[in-house]
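Fold and contact review
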There are 2 protein chains.
Amino acid sequence: MQHEITKADANLEITLIGTGTIGLSFAAFHLQHLSDASQLTIYDTRPDLEAYVQETLPKFFEGQTIPLSISGINIATTLEEAVTSAHIIQESGPENLPVKQKLWAEVENHAPKDALLWSSTSGIPASQQAQNMQDKTRLLVVHPYNPPHIMPLLELVPSPQTSSSVITRTQDFWRARGRVPIHIKQETTGFVANRLAFVLLREAIHLVDSGVVSVAELDQIVESSMGPRWAVAGPFKSYHAGGGPAGLEGFFKNIGGTVQECWSDAGSLNVGDGWEDKVFRQARETYGVVDVGERDRITRRVLEVLKEEQNSSKQRVL
Amino acid sequence: MQHEITKADANLEITLIGTGTIGLSFAAFHLQHLSDASQLTIYDTRPDLEAYVQETLPKFFEGQTIPLSISGINIATTLEEAVTSAHIIQESGPENLPVKQKLWAEVENHAPKDALLWSSTSGIPASQQAQNMQDKTRLLVVHPYNPPHIMPLLELVPSPQTSSSVITRTQDFWRARGRVPIHIKQETTGFVANRLAFVLLREAIHLVDSGVVSVAELDQIVESSMGPRWAVAGPFKSYHAGGGPAGLEGFFKNIGGTVQECWSDAGSLNVGDGWEDKVFRQARETYGVVDVGERDRITRRVLEVLKEEQNSSKQRVL
């Protein structure tokens, strides 16, 4: 029988492989959501792993209570030990295809048959990572929006081989913990969130490169318009509302001409096209080193307001 | 001497021309920020103007106190009467070039020499609107992010003829009222905010049209990732932070390859390409008629958190 990984997970064992920023951010998330009887295991090949984790992980709780369980993390010394009794094995290693292919083949040898196998990759599809596995139905990309201990989104990107029960169990896990797991139906390049963000970034770079606005001004524009708007209602919902009773169709009827003009006039610069010096320099001069703790604290407050509102409108519906 | 239009504006006269959604939303904004001795005048060619304004305007204050001054609005019956003693004349009429050209030529005949002349257009540059004016230095596009009584952004888009004092006075006006006026340096098609939002919308449509995600899922993705992120830190600041100590340059060093792959793979569909039926239908089925009052109420709360945080970090710096 499969382990029940929703709220009733009294004895859940989660293993994290890889201790970069994403891996440790996931560790922080799991520590805040594990029940006492559960176990978090961390594995990485670095020799100072235990000292490194104990020193670095508390930084992810800046301004918040550090869970007592931080001292109860199991530091594994071999991959076999790390995965042998795990219910969930979550990989956040280097973005290197051969490394991941070798890892999953080994994990498969040692892990329980029904353990969920998740990769945090931002670009390497599960179908490629699973190449050397016997059972390719088990692997699923679970791509976070950085940092995952703060941001609610998880993109679940199965390969064509991934079984639907793996997808469902993974959705249940994250939903039970208040997160937003979205099933991406195809192994699209860059998945969805990054594709959306990067096309906007491309246009932003084009406008700064052309001298229309500065880096600072462009960010102020986004922070005082579509940022807060899209935090509350995504682009389709927003433009559907913008079209009045005729919805998105009405919106395009009203200003489809302007939309098309913007599309036709959009920049199409590429990495290496020579905009880098100007844009990188402006970013450096404007921001120096960003206080990420401050950003995360404010983001938490915004997300709390949004969650509160969501819960209260759910209650109104019930 | 020019009228001082910052905080000490005891006797400010503001005239709004046009009573569509944008015009009335600006009316709501001004009513909340005018001092008692000041005057808001509204002009439009519709015959039932007074009844229409008194009936429609209160809807913009849903859930909030309606300012007493709503009954003190001056309803003008001719353009001459509307503008003859105004300090600010703000036009939110139809997006029609000949209409706007004729309007500004008439306004110029009747308005005080130092009155600020603003157009809310989302697409027609000031240089074209001013064609029939004697003094083309006076006109400025002041493009809001809808609805302006809620959203902080104003894009100030001068023509090459617009005087720098008109730009400065306009910035002072909005800053004194807690808004974010950004000076756009060129008359770019669609200005900046819409260009950014529309390239993301284009990719969003492409992903829904290709079956990668649904309209509802795409919105959930944005609402749980870049929406709240960009409300707190715009795209450049976010990716500059994402690059660690090496900043935006480090970010591109790390994942510039993935960024370029997303750019190369981005959709390039156009209005009329046949995606409309599917996408419009999904939007209708998902959202029906959006409760804009609810959206605005939540947006206000998010913006309050952001303003509070901005003020407290300003105080820390002082």
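Okay, so let's go over this structure. Nothing here was measured: the structure is a model prediction, and the numbers come from that model. Within each chain, residue numbers correspond to sequence positions counted from 1 in written order. Ligands are numbered from 1 and chains lettered from A, in the order in which they are written. Where totals are concerned, whole chains, interfaces and linings use all residues; where local detail is concerned, this predicted model gives features only for residues with pLDDT of at least 70, and gives and counts side-chain atom pairs only at 80 or more. Processing note: side-chain calculations cover all non-hydrogen atoms of the structure and skip hydrogens and water entirely.

1. Observations regarding the packing of helix α7 (residues 193–209) of chain A against helix α12 (residues 276–287) of chain A
All names here are of chain A. Let me state the cut-off plainly: All axes are obtained by fitting lines to C-alpha atoms, using only the stretch in contact for helices, and the reported angles, taken between N-to-C directions, cover 0 to 180 degrees. Note on conventions: DSSP H or I runs of at least 4 residues are helices, E runs of at least 2 residues are strands, and numbering of each starts at the N terminus. Reported orientations rely on four angle classes, namely roughly parallel under 35 degrees, roughly antiparallel over 145, roughly perpendicular from 65 to 115, and oblique for the rest. By definition, residues are in contact when any of their heavy atoms lie within 4.5 Å. When residues are grouped by polarity, Ala, Val, Leu, Ile, Met, Phe, Trp, Tyr, Cys and Pro land in nonpolar, Asp, Glu, Lys and Arg in charged, and all others, Gly among them, in polar.
For the pair α7 and α12, interaxial distance at closest approach is 10 Å and the crossing angle is 95°. As the angle between them shows, α7 and α12 are arranged roughly perpendicular. Side by side, α7 and α12 meet where Ile-205, Val-208 and Asp-209 of the first sit next to Lys-278, Val-279 and Gln-282 of the second. Of the residues assigned to the contact of α7 with α12, the class counts are 3 nonpolar, 1 polar and 2 charged.

2. Description of unusual backbone geometry
Residue and element names in this part refer to chain A. Going by this rule: Exposure is judged per residue with a 1.4 Å probe applied to protein chains only, and the accessible area is read against the type maximum: over 50% gives exposed, under 20% gives buried, and values in between give partly exposed.
Omega for the bond connecting Asn-146 with Pro-147 falls within 30 degrees of zero, at -5°, which places this linkage in the cis form. With respect to the helices and strands, Pro-147 occurs in the loop between β6 (139–144) and β7 (153–158). The backbone of Phe-191 sits at a positive phi, close to 60°, despite the residue not being glycine. Inspection of the secondary structure puts Phe-191 in the loop between β8 (180–183) and α7. A residue is classified by how much of its surface remains accessible, and Phe-191, at 2% relative accessible area, is buried.

3. A word on the sheet that holds strand β3 (residues 74–75) of chain A
Residues and elements named next belong to chain A. Let me state the cut-off plainly: DSSP bridges decide pairing: two strands pair if at least two such bridges lie between them.
Pairing in this open sheet of 8 strands is mixed, and the strands run β3-β2-β1-β4-β5-β6-β7-β8 from one edge to the other. The open sheet has two edge strands with one neighbour each: β3 and β8. Of the strand pairs in this sheet, strand β2 (residues 39–43) and β3 are connected by 2 bridges, and their pairing is parallel. Looking across to β3, one finds that Ile-42 is bridged to Ile-75.

4. Brief notes about the interface of chain A and chain B
The condition that has to hold: By buried area we mean how much accessible surface two parts lose on assembly, using a 1.4 Å probe and totalling the loss over both. Each salt bridge in this description consists of a side-chain nitrogen of Lys or Arg and a carboxyl oxygen of Asp or Glu lying within 4 Å of one another. Any pair of N or O atoms that falls within 3.5 Å is considered a polar contact. Within protein, one atom must be able to donate a hydrogen and the other to accept it, and sequence-neighbouring residues count only if both atoms are side-chain atoms.
Listed as interface residues are 104 residues of chain A and, on the opposing side, 104 residues of chain B. Where chain A abuts chain B, roughly 10,300 Å² becomes buried across the two surfaces, and 71% of that area is made up of carbon and sulfur atoms. Looking at the side of chain A facing chain B, the largest losses of area belong to Arg-229, Phe-236 and Trp-263 of chain A, adding up to 9% of the total buried there. Taken together, the links from chain A to chain B amount to 14 salt bridges. Our count for the chain A to chain B interface comes out at 38 residue pairs in polar contact (both at pLDDT 80 or more).

5. Brief notes about the pairing of β2 of chain A
Residue and element names in this part refer to chain A. Note the following rule: Here a crossover is taken to be right-handed if, once the strands point away from the viewer, the path from the first strand over the helix to the second is traced clockwise.
Most of β2 sits out of view: 4 of its 5 residues are buried. Of the strand pairs in this sheet, strand β1 (residues 13–17) and β2 are connected by 5 bridges, and their pairing is parallel. Looking across to β2, one finds that Glu-13 is bridged to Gln-39. Between the parallel pair β1 and β2, the chain is carried across by helix α1 (residues 21–33), and the sense of this crossover is right-handed.

6. As for the packing of aromatic side chains
Note the following rule: Classification of ring pairs uses Phe, Tyr and Trp, with its six-membered ring standing for Trp, and accepts pairs whose centres are within 6.5 Å; under 30 degrees between planes counts as stacked, over 60 as edge-to-face, and the remaining range as tilted. The rule for a charge over a ring is simple: NZ of Lys or CZ of Arg within 6 Å of the ring centre, and within 35 degrees of the ring normal.
The final tally for this structure, using the stated rule, is 26 aromatic pairs over all chains. Consider the rings of Phe-173 of chain A and Trp-174 of chain A, whose centres lie 5.0 Å apart with planes at 85°: the pair is edge-to-face. For Phe-173 of chain A, a relative accessible area of 0% translates into the label buried. Among the residues examined, Trp-174 of chain A registers a relative accessible area of 1% and is labelled buried. When the ring of Trp-275 of chain B is compared with that of Phe-280 of chain B, the centres are 5.7 Å apart and the planes differ by 80°; the resulting orientation is edge-to-face. Exposure remark for Phe-280 of chain B: the relative accessible area of 9% places this residue in the buried category. Three or more aromatic residues joined by ring pairs form one cluster here, namely Phe-198, Trp-275 and Phe-280 of chain A together with Tyr-239, Phe-251, Phe-252 and Trp-263 of chain B. Across from the ring centre of Tyr-52 of chain A, 3.6 Å away, lies the NZ or CZ of Arg-46 of chain A, which sits over that ring.

7. Overview of the environment of Val-99 of chain A
Residues and elements named next belong to chain A. Of note, Val-99 is situated in helix α4 (residues 97–110). Judged by relative accessible area, which is 41%, Val-99 ranks as partly exposed. Sequence spacing of Val-99 and Gln-315 is 216 residues, and the spatial spacing of their C-alpha atoms is 47 Å.

8. Digging into the relation of the copies chain A and chain B
Put simply, the rule reads: The copies are overlaid by a least-squares fit using only the C-alpha atoms of residues whose pLDDT is at least 70 in both copies.
Its rotation angle being 180°, the transformation that places chain A on chain B also includes 0.0 Å of axial translation and leaves an RMSD of 0.0 Å. What we have between these two chains is a two-fold relation. For chain A, the minimum C-alpha distance to the rotation axis belongs to Gly-227 of chain A and amounts to 2.4 Å. Mapped onto chain B, 100% of the interface residues of chain A are again interface residues, and the two copies thus contact each other with one and the same surface.

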